[in-house]
Each structure stands twice: as structure tokens, then as C-alpha cells.
Amino acid sequence: MRWWLIALVLLVGGCTAETAPPPSNGVSIHQVVPVGAENISTIVVILEQNHTFDSYFGSFPGADGIDGSVTFPLRPLGEPGRAAPFPYDRSDDQRFIPAPGEEPLSNGRGAAIRAWNDGAMDGFVRAQVNRGFNGELPLRYWDGDSIPGIWELAEEYVLLDRYFSSSPGGSLPNVLNLLAGSDFGVEAGTKSALTELADAPPTLFDQLEAGGVSWGYYVGDLDEADYDELRTRAYLKSDETTPSAAYWAPVLAIERFAEDPYRSKLRNQSDFLTAAADGALPEVSYVLPSPTDHQFTPADVSENRLLSLVNAVAKGPQWDETLIFVVWDDWGGYFDHVSPPVIRGEPLGFRVPALMISPWVRPGYVSSVDRDHSSIPRFIADVTGVPFYQRGLTEDAAFADAFIERATPNDPAVFGGGTLGHAETPPREARQGTLVLYSSGLGLAATVFAGWWFSGRRRSAEAVA
Amino acid sequence: MFRSRWGAVLGLSALALLAAVPRLVSLGRVGFNSDEAVYAGQGAALLGDERMAEFFSIFRAHPLLLQGMIGSLFTVTGVNDVAARMLVALLFGVGTVLVTYYLGREAVGHRGGAVAAVLLAVMPYHVLVSRQVMLDPPLAFFASLSLLLAIRGSKARNERFLVPAVTAAALATLSKETGLLLFPILFGAAVVTGWWRVVRLRTLIVSLSIAVLVGLPFLLSRAIWSAGGSSDYILWQFLRPPNHTQAYLPGIMIQYAGPLFIAAALVGLGRMVRRRSTADWYLLAFLGVYVTFMVAWPTKLFPYLMLVVPALAVAAGSGIVWVGELTGRLIPRVAPPLARATFGIGMIGALVSGPMVLNTGRVIQEGPDPLSDRRFDLEVHEFVGAREAAEWAGEHTPRNSRFLTIGPSLGNVLAFYGSRHFVALSVSPDPARRNPAYVPVANPDLAIRQNDIHYAVWDFLSANRSGFYSRRLQSYAAKYGTAVAFAVYRDVDGEVRAVAGYPPASAEPLIVVFELHGGDPIQPLAFPPLEAQRDEPPSGPAA
């Protein structure tokens, strides 16, 4: 590993002065912060899991999604013809739930390469069946009925429909790209990969720390005991079960993050909610919710948690300065119809859902610029002004088209619910009609009264005369 | 009493001033209570305010005369609570005092009328209710006016008074539907006193035509645009459980008018029963019908007595004049009889009204609470801090956020000042046991998890009313709370203050807003339990 040198320099730099570590390639990569984004001083990245773009937003209006013409061959099942994606129905879960301890689908690199099939994007069924998984499940998709709150977010803010996972592999390489702009050569989430991460090269958080930028990494509902257990790295022994959090939030596998000043910045999601309410969010927050959007966490349960995190920011005093990225780490084994770009001879991972939520983004906009997980740490470095040395995979890290120049921030809104309803109030026509009726009734009554009154006076006058 | 036109002007002006001052002082010190918020919100909605229309249906239980007036006022002043209260206080509060003078004059002469009007002008109860945007002040004003016109017509045997008397009764009904009972009272008394003999068919038809024209818009608008809603309200009105015992309304009178007033009114009523003049017939019929109605009707609310206090004030005026004249006779004959009688009336009148003046001062400064040991009269409580909490919500919470409250009272204030929706724990899922205007929340826990409820608001008034729901609300705050976002409290010096966070331990919390998170519970929020710092309220569901 050539990273040991950087780690050493970083360590020395961190110990001796408030200076950033020297670059790996000698050049700090920066792009111009786009108009609109200059108002952003708090960035939140929420990491969800295991969905492709099409599986969540394939039927979203205006996005590059699927229609009735998108089908996938069933040949590997020994059946003729092709199968079309089918909508989520909770009652189907019973058919798809795997045995305890097993995954419902493969999201590994091998399956992804098979599904990709040199860009033909027709191997999703085959990739799973060949590995002994269910051949129907990859073609399942969700829509505005099954994940209404997440769709509302997309309708209100920015949906990225060409946001690719950085690696065809599973969570670990993709999350590494999200927090470091590189997978450090990791292709899959294994114990050996976690072992090698112990002295991982600089991540975004190292740069933020060195640059004096506040940050926090909020990991699900981990408590102090969990952190201690992770710190001992006992799970790396072959007979121990590796906690999922180590793959989904790999800073937990990096040894220096077990010590201050890093350790004190690893918190759980209740700390995030409290900080959001108190206006105490750091400049950069990464959040791994619990429960995450993993397969067979009921969609509404993980959706409610995600929305509660977004709502917490919307309700808090920092909303006007905040940008939230919500991204899904890898494809999860589900289908997508867009072949990912090939960078340096390797395909990126499949498209994953990604949202940008902020009072400064273009409302209801679908952005179709190629980006991947590595774009986000580069963007954060640009906004916070810290050096960043990973070039990333896709070109754009400015997200310029997602922002809009405006004088004042958009008002915050909260999302979810919709089950309670509101008391019925009459439409404008009813109110106007009622006003006309009252006015007419009283006006007519006054006219009759006046007529009667003056006719009586006239009669009295005549009688006197 | 007034022996010249200028004397009358001066006397009536003094009376109006006496009535106006306590009704106008510090009108905006505390914001609207629940009912005021609803009526003012309906008025604004009726006159085209789309923001209010989202929260306040114009089709609730009552007709819309006052609401329409308030809405029209808002088109000039903007939505303004003080302006709305001024309208009610001046037009109907002071107006009723002046009408009461004439009513008393018809019944017991100038002195009785003056005493009755002064009593009403300084009565804590009347001052309190006529400072608020409630339907009862206009109802009482038009009902008193109708009585006055009918009595004058009957006494003069002049049919011309019938049309304005019936018009006033119709306007009373358009203020609040209980005014409908005025019609049998008027026509019944007209028969007993023989007035009906001079009324021609043409006049009767004109009278009834005007009554129909005034009342029809209420019925027609409901029939066209809210037929289903109307049946819901009828069901609710007839099936709603009693909310107070029979002792409630007499208790209100004792506390907010005073035992001496009650005694004087009883004496006066005794005199009226013995005398049975034309005016007495009307007043006795009026009081008999409405008191019977209030006893029989299961729902008893604080402002209901507004309708009968002018007639009671006339009775009290009659009693005070009689006792005063008797007292005057005991005075040594160093002065002429008229002076001695006036002195006696003044002495007794001062005895009755003195405590009223003192209590009215307290009501103006502190609201109704100091005069009462009861905990159920929420309709006219001063909702200290509610306006401030609602305005905070309007400025600091997302536009579509929803609040969980103990009862709907605070919710209405939130909607009016903060434009925020709410659900209340005390709203029953049973349609026969809830006001149809409110959405029930059958499972608040689930609604919070589903991000349907974003804040919980505890308030001292609702907590006083229902300790049960107060504790329930706090259990949700503890389970899903992330922070105390805002609070209004009374500090040890009695000052009301607001804070972004939990109030100091030494303070009396009045309103506390908890921020809630959706999804599964994460970590309990620790905060000291909130108890209303007054009498221990009865547990169990609120009405």
C-alpha cells in the first residue's frame, strides 16, 4: 500500500500544526462553487441502501426511467420470453423473504458485471438466478404509492437521474467513494478489506479536521458500547460476525477514528436529531440512518426514518443554510436500464437514487448530468474550502445545474404522513355564494323594512293632512 | 331622569363612557381564545381570506352575522384581534348597556333604568364577555332591543313597533340560533298583553317576511353547500354529553355578578310578578323561557348568560329602586322625599355595584380566573401565551407542519395566528361525541411515526381541563421528542415571558412546544413533568 506515507504525513501534520496533509498527487482539485451554493454552509449526507434508480424512480415523471417497453430476458430460468418490471406489493414479501442470515439478492461485483453484460443491461435475472437467488425480485419496483414521502421529496427538490454508484461492487467500495472520493482499491466488503482499512488514507473527514471545519458522522442507533466493541476490532476474527455498520460506515473500521479528535465526532442518529433541533449541526454531517432502506426493512419504516431526518433539518434553525444529499449506496441486486459510463476501463456501478434537498436548489428539477458518489466529497471540499486530492470518477462535482439563484431561501416543508387528513373546508364558490346569500337576504330585508317604514310615515302624514 | 334633550344626551353619554372604559382598556393584552379565533377566522374566510379559509370552515354550528361583520372590518383593518374586539365591545357591549337603560325605563321608570344600566355597565360578567369576539354579545343586544321595541309597542298599542321588534329578533337569531326562541316569547307576550289585537295582517306579513329574509341565508347556504355537515352538527348538538352540572350557571352569576346583585334581582322579580305590568310580562316570559332552556339544555357554557343579564339587571334595578325608596323613608325628614329616595337608591346601588367595580378591575387586569374556583369555563379564559406560541409557530415551523394538542382550544389559536394545522387528543373518534369541525386522531403514536405530526404543544388551560390528556401528550413528547422548541411561562415575579427552550424550574409553564421526530422511537426526551399549577383537574376524557 502506498497510502501509508500519506497517513504518516497526515498524522504528523495533525499533531504538529493546523495544516492539511500534502497531496497524494500534488494537486488539490477544486471547482468553482456554483451560484446558489454559496449560501450553503451546512451539508448533510444521508446514506440509504440497496436500490437502483429504476427500482425507486423508474416511473417518476420527467426522469429517465422505464416504460412498458423495458423488459428483461428470462432465458436463464429456462423460460421463454421476457419479463417486465412489476410494482411493489407488500403481500409479495412473503415470497421473497430469504432464510434468516441470508441476503435476498446479490449486490456483489460479479453479479453486477453479469447484469451489466457489456452494456446490454439484460442480465439482471440471470445474475441472480445463477447465484441461487430469486429471479423475480430484481424486477420489482416502487413508485409514488409505495414510497410517497420519498417521491414528494423528489417532486419538491432535485432528483438526479444520472447519479451512478461508483463501483459495481456492494456497499463498502461505494461508501468509501462517498466519504473519501476513492475506494482505496477495495472491490468488495470483506473482512480483509476492513482489516486493510485500519490505516486508510485520508478521507474527507481528515481534510475537514485539518481544515478546522466541523463535522460529525452519525451512525444509526449505535451506543457507546457498540463503539467500544467496534474499536477493539474483534469482529475481524474469522469466527466473529462483522457488524453491518462497519461496511456501511467504514470510518468505524479506520483505527484513527477510534481516538479523539475523531471519536468524539462519531455519534448516533438521536444526536443528529437533537443537533438539528438545536441548530447545532456541524458544517458537514454524514448520517447512516437506522433502520436503513435495506431489503425487507418495510418500506414505510425506513421511509419514515429518512423523512424524520430530513424533517428535523427543515424544522431546525439551520434550514436556510443547509443542503442535504440523500443517496443510496449500491444497486442492491435490482434492475436498471441505463448502462453506466466506463471510466478508465471499468464500468461505474449502476444508477442509484439521489436527491438534493435545500432551500437553494431548483424546485422539482431532474438533473441528468453524470455524477457518482465521489462527486459529493469533492463538492463538500469545494464548499468548505479544504484541500481535496482525489480526482473522482465522473467529471462534475459542482452540481451547478441543481442550484438556482434566488434572493431568499425557499420556505421549509415537512414530508410524510398524509394519513390524518384535514377538516373539510368549503371551496371558494361556497364561501362567495354564502356571502352573496347573506348580503342579499339582509339587503332585501332592509329594503322591505325601509319600504314599510316610509309608506307608514306617508300614510301618517296624509292622515294628519 | 333626563328632563331635557341635552340632559338625555349627557346622561346617555356618561353611561356609554362608563360602559366603554372597562370594555376597551387593554383589549389586546392577551390574544384570542379558542372561540374568538374560530369566529374571527370564519369572518375572514367568508370575506375572501384564503389563508383563513384553509383552517376555518364557514359551516360550523352557528350562523354568520357577527363573523360577516368581523370579516368586513378585517377588509379595512387587516386581520386584527384588537379591532375585532373593539367592534364587539362598542357596538354590542356598550349598545346593550344603553338598550338596558331604555328597557329598565319602560319597566320601572327612569331611575330603575339608570340603575339597571349602571349595574350592567360595571358587571364583571358582562364586561368580560363583551370584551371578547363571541356570538353572545350581539345575540344579547338584538334580543334586548327586540324586547324593548315589543314592550313599547305593547304599551302604546301601536302595531308599528312589531316590524322592528321582529327584525331585531331575526338579527338575534342570525347572531346565534338560540335567538329563535324570541319569536314564541314575543308572540306569546303579545297575546297576553293584548297587543296582537291592534296588529293588522299586513304588518304581521311584513314582519314575518323580514324575519324570513334575514334567516333564510343561513338555512339556504347550509342546504346548498353543507347539507351533510349540517346533519353532523345537529347530531353533535343533540347527542353531546352534558359538560356542567345544573349549578354551573347560577355559580357563574354569583361569582361574576355578585350575591347582592342576585338578591336585588330576586327582589325585583318578586316585584314584577306582583305587578305584572306589560313590560313585566315580556321580561318574565323572556326570563322564564330562556332560563328553562338553559336548565334543560345539557350544554352550559360561560357566555350563555349574556342573553339574560340585561333582563336580570332590569329586575335588579327594580329591586334596588324599591329597597332604596324604603331606605329613603328611614332617613330623617330634613330633605324632600325625592332626594331621600334618590339617596336611598344611590346607597343601595353603590352597595351592589361597589364589589362589581372592584371585580371588574381585576377582570380587566388578570382575566376571569381570579373570580372563579371552577376549571371548566374555558370559553372565556384568557389564553395567556397562546397567541405568542402560535405566532412563533407561524414564523419558525415549516408551513405544512402539524401540531398535536391536548384539546382543540389551543389548536384554533394556532390556526388563527400561526396558520398551522392541528389534531387534538381529546377529540373523540366517535362522531356522536365530537365537534364535527375537528379531525380525530385515533392513533397518535402511529401518526407521529408516520411523520404526520411534527410538534406537540402542552398548555396550562387544557391541562387544567384534562389531566388525563395532559399526561398522554407528555408521554408522546417523552417518546418522540427531540427538543423543547419554545415555551411561554410566568416567572416568579408574575411576568409572562417566552423562551426558545424549557422554562426555568422556578417558573410556571403556560405553553410548552415539543419538537417531535417521526419513525421509530430513538431515545426518550427527559424533561420535568408538566402540571397545571392550579386545582387538580378531574381525570378522564374531556368533553
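In case you missed it, the structure is sitting above this.
The structure reproduced in this document is the subject of the present report. (Residues numbered from 1 in each chain as written. Chains lettered and ligands numbered in written order. Predicted model: local features only at pLDDT ≥ 70, side-chain atom pairs only at ≥ 80, totals over all residues. Heavy atoms only, no water.)

**Notes on the pairing of strand β10 (residues 284–288) of chain A**
All names here are of chain A. When you tally the buried positions in β10, you get five out of five residues, the bulk of the element. Looking at chain direction, strand β1 (residues 42–48) and β10 are connected through four bridges and run parallel. Bridging from a neighbouring strand, I46 pairs with V287 of β10. Strand direction decides the pairing type here: strand β8 (residues 215–219) and β10, joined by five bridges, are parallel. The residue of β10 that forms the bridge with W215 is V284. (Buried < 20%, exposed > 50% of the residue type's maximum accessible area, 1.4 Å probe, protein only. Helix = DSSP H or I, 4+ residues; strand = E, 2+ residues; numbered from the N terminus. Pairing = 2+ DSSP bridges.)

**Quick word on the nonpolar core**
Of all hydrophobic cores here, the largest spans 182 residues; its most connected members are Y125(B), F261(B), F286(B) and F514(B). Per-element accounting of this core gives the leading share, 18 residues, to helix α5 (residues 81–122) of chain B. Judged by nonpolar contacts, the second largest core, of 127 residues, contains L307(A), A381(A), F399(A) and F403(A). (Core = buried A, V, L, I, M, F, W, Y, C linked by side-chain atoms within 4.5 Å.)

**A word on the pattern of salt bridges**
Scanning the entire structure with this criterion turns up 34 salt bridges over all chains. For the salt bridge of E156(A) with R399(B), the shortest nitrogen-to-oxygen distance reads 2.8 Å. Residue E156(A) is found in helix α6 (residues 148–156), and its partner R399(B) is found in the loop between α17 (386–396) and β1 (402–405); the two belong to separate chains. When the shortest N-O distance is used, the salt bridge between E508(B) and R490(B) registers 3.3 Å. (Salt bridge = Lys/Arg side-chain N within 4 Å of Asp/Glu carboxyl O.)

**Regarding the sheet that holds β1(B)**
Residue and element names in this part refer to chain B. In space, the six strands of this open sheet follow the order β2-β1-β3-β6-β4-β5, with mixed pairing throughout. Because the sheet does not close on itself, it has two edges, and the strands there are β2 (421–424) and β5 (496–499). With strand direction ignored, the average angle separating the axes of adjacent strands in the sheet is 25°. The strands touched by helix α21 (residues 467–480) within the sheet are β1, β3 (455–459), β4 (481–490) and β6 (508–516), with β4 carrying the most contacts at an inclination of about 135°. (Axes fitted to C-alpha atoms, helices over the stretch in contact; angles between N-to-C directions. Contact = heavy atoms within 4.5 Å.)

**Examining the environment of F55(B)**
For F55(B), the location among the structural elements is in the loop between α3 (50–53) and α4 (65–77). Owing to a relative accessible area of 14%, F55(B) belongs among the buried residues under this scheme. In the structure, F55(B) is positioned 13 residues away from Q42(B) in sequence and 8.7 Å away in space, judged by C-alpha atoms. What F55(B) contacts, discounting residues up to four positions off in sequence, is T425(A), A415(B), S419(B), R420(B) and H421(B).

**Here's the deal with the interface of chain B and chain A**
Facing 64 residues of chain B, the contacting portion of chain A comprises 55 residues. Taken together, both faces of the contact between chain B and chain A bury some 4700 Å²; the carbon and sulfur share is 62%. Taken as a group, R160(B), R399(B) and I522(B) account for 13% of the area that chain B buries against chain A, more than any other trio of residues on that side. Summed over the shared surface of chain B and chain A, the number is three salt bridges. Remark: the boundary between chain B and chain A carries 22 residue pairs in polar contact (both at pLDDT 80 or more). Contributions of two or more residues to the side of chain B that touches chain A are made by α2 (34–46), α3, α8 (162–175), α10 (201–225), β2, α19 (444–449), β4 and β6 of chain B. Taken together, the residues of the side of chain B that touches chain A sort by class into 36 nonpolar, 17 polar and 11 charged. (Buried area = accessible area lost by both parts, 1.4 Å probe. Polar contact = N/O pair within 3.5 Å; in protein donor to acceptor, adjacent residues only side chain to side chain. Nonpolar A, V, L, I, M, F, W, Y, C, P; charged D, E, K, R; others polar.)

**Regarding the side chain of D54(A)**
Within the fold, D54(A) resides in helix α2 (residues 53–57). Looking at D54(A), its side chain comes within polar contact range of the side chain of R351(A), at 2.8 Å.

**Brief notes about α10(B)**
Residue and element names in this part refer to chain B. For α10, with 25 residues, the first-to-last C-alpha span of 35 Å sits near the 36 Å given by 1.5 Å per residue. Where α10 bends most, the angle comes to about 40°, and this point is L216, followed within four residues by the proline P217. Where α10 is concerned, the buried positions are T203, V206, S207, I210, A211, V214, P217, F218, S221 and R222. (Expected span 1.5 Å × (residues − 1). Bend = angle between axes of the 7 residues up to and from the residue.)

**Looking at the packing of aromatic side chains**
Within the structure shown, the criterion is met by 52 aromatic pairs over all chains. A centroid spacing of 6.1 Å and a plane angle of 20° characterise the contact between F57(A) and W151(A), whose relative ring orientation is stacked. Residue F57(A) is located in helix α2, and its partner W151(A) is located in helix α6; the two are separated by 94 residues in the primary sequence. Of the two residues examined, F57(A) and W151(A), each falls in the buried class. Linked through ring pairs, F53(A), Y56(A), F57(A), F60(A), Y88(A), W142(A), W151(A), W328(A) and Y334(A) together constitute an aromatic cluster. One cation-aromatic arrangement involves K315(A) over Y455(B); the distance from NZ or CZ to the ring centre is 5.3 Å. It is R160(B) that lies over the ring of W452(A); its NZ or CZ is 5.0 Å from the centre. (Phe/Tyr/Trp six-rings, centres within 6.5 Å; stacked < 30°, edge-to-face > 60°. Lys NZ or Arg CZ within 6 Å of the ring centre and 35° of its normal.)

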